[in-house]
Amino acid sequence: MRLLLIRHGQTPSNIGHFLDTGVPGPGLTELGLEQAAALPDALGAEPIDGIFASNLTRTQLTAAPLAAALGLPVQIRDGLREVSAGTLEMRNDRDSIITYLKTVYRWVQGDTGARMPGGPDGAATLARFDAVVRELAGAGLKTPAIFSHGAIVRAWATARAENVGADFIVQNALSNTGVAVMEAPELPGGGLGPWQLLTWMGEPVGGEALQDFGEDGPAADNVAL
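The structure presented is a predicted model; accordingly, all values stated were derived computationally and were not measured.

## Let's talk about the packing of aromatic side chains
No. 1: Enumeration according to the criterion identifies three aromatic pairs in this entry.
No. 2: Relative to Trp156, the ring of Phe129 has its centre 5.1 Å away and its plane inclined at 35°; by these criteria the two rings are tilted. With Phe129 in helix H6 (residues 122-138) and Trp156 in helix H7 (residues 150-160), this residue pair connects regions lying 27 residues apart in the sequence.
No. 3: Judged by centre distance (5.9 Å) and plane angle (70°), the rings of Trp156 and Trp195 are edge-to-face. Remark: Trp195 occurs in the loop between strand E5 (179-183) and strand E6 (196-201) and Trp156 occurs in helix H7; sequence separation between them is 39 residues. Here Trp156 matches Trp195 in class, with each residue buried.
No. 4: In textbook terms, an aromatic cluster arises when at least three aromatic residues are bridged by ring pairs, as seen for Phe129, Trp156 and Trp195.

Right, dumping it as structure tokens:
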């Protein structure tokens, strides 16, 4: 199974560096719409057989151009939503952002019992994303495109890929419309083998013209552990 994990395009909250994780959340900026429009060409070589997005507006808008190009529906899965900011929701001060990111990094290091202030722990957060991936594998999909969010994609990919360590999440940002590609072998008796992270395209897929460095939100930030 091959997973294409795609972060949404730029939002107004990204520009303001707000921890905006609630449903339905904001739409895309003009640049975000341009970033989304670049995805069909950027992913044209991939044999995509399903398109899935979180229950937040920004992922669905980002998925729409690719879905239209391929003639596939955008299927919504709540389990793909962003890591909840809990009581840090809509904060943009540096201390809150560091607390949010360091909590996520603790999960990747194995402390999945750590809880976001006023929010969920790592075990529940990673498990809901796992559940969607299991569903897609059970449906026989080979190359689904998953439109999700910066913190959850960074956390899940780092936690589940056996070929990267916990520090990967610290050293590798994921800007808007950045793409991570992961693969897991199908086992003879059913199920999937261990995940490998194949590529990490941390910048917008449309190239330099669509980069939004510094305006891609706190989920793209690197914070030392």
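## With respect to the pattern of salt bridges
No. 1: For the coordinates displayed, the defined rule picks out eight salt bridges.
No. 2: The partner of Lys142 in a salt bridge is Glu186, and the shortest N-O contact between them spans 2.6 Å. Note that Lys142 is positioned in the loop between H6 and strand E4 (144-148) and Glu186 in the loop between E5 and E6, a separation of 44 residues in sequence.
No. 3: Here Lys142 falls in the partly exposed class, since its relative accessible area comes to 43%.
No. 4: Here the salt bridges share partners, and the residues they tie into one network are Arg2, Glu46 and Glu183.

## A few points about the packing of H6 against H7
No. 1: Axis separation between H6 and H7 bottoms out at 10 Å; the angle between their running directions is 80°. Considering their axes alone, H6 and H7 lie roughly perpendicular with respect to each other. For the pair H6 and H7, the contacting residues are Thr125, Leu126, Phe129, Asp130 and Val133 in the first and Ile152, Ala155, Trp156, Ala159 and Arg160 in the second.
No. 2: Counted by class, the contact of H6 with H7 contains seven nonpolar, one polar and two charged residues.

## Quick notes on the packing of helix H5 (residues 94-108) against H7
No. 1: Axis separation between H5 and H7 bottoms out at 9 Å; the angle between their running directions is 20°. As the angle between them shows, H5 and H7 are arranged roughly parallel. In the crossing of H5 with H7, the sense of the turn from one axis to the other is right-handed. Between H5, through Tyr100, Val104, Tyr105 and Val108, and H7, the contact on the second element is made entirely by Ala151, Arg154, Ala155, Thr158 and Ala159.
No. 2: By residue class, the composition of the contact of H5 with H7 is seven nonpolar, one polar and one charged.

Rules and cut-offs
Residues numbered from 1 in each chain as written. Predicted model: local features only at pLDDT ≥ 70, side-chain atom pairs only at ≥ 80, totals over all residues. Heavy atoms only, no water. Phe/Tyr/Trp six-rings, centres within 6.5 Å; stacked < 30°, edge-to-face > 60°. Helix = DSSP H or I, 4+ residues; strand = E, 2+ residues; numbered from the N terminus. Buried < 20%, exposed > 50% of the residue type's maximum accessible area, 1.4 Å probe, protein only. Salt bridge = Lys/Arg side-chain N within 4 Å of Asp/Glu carboxyl O. Axes fitted to C-alpha atoms, helices over the stretch in contact; angles between N-to-C directions. Parallel < 35°, antiparallel > 145°, perpendicular 65-115°, else oblique. Contact = heavy atoms within 4.5 Å. Nonpolar A, V, L, I, M, F, W, Y, C, P; charged D, E, K, R; others polar. Left-handed = near helix turned anticlockwise from the far one by under 90°.

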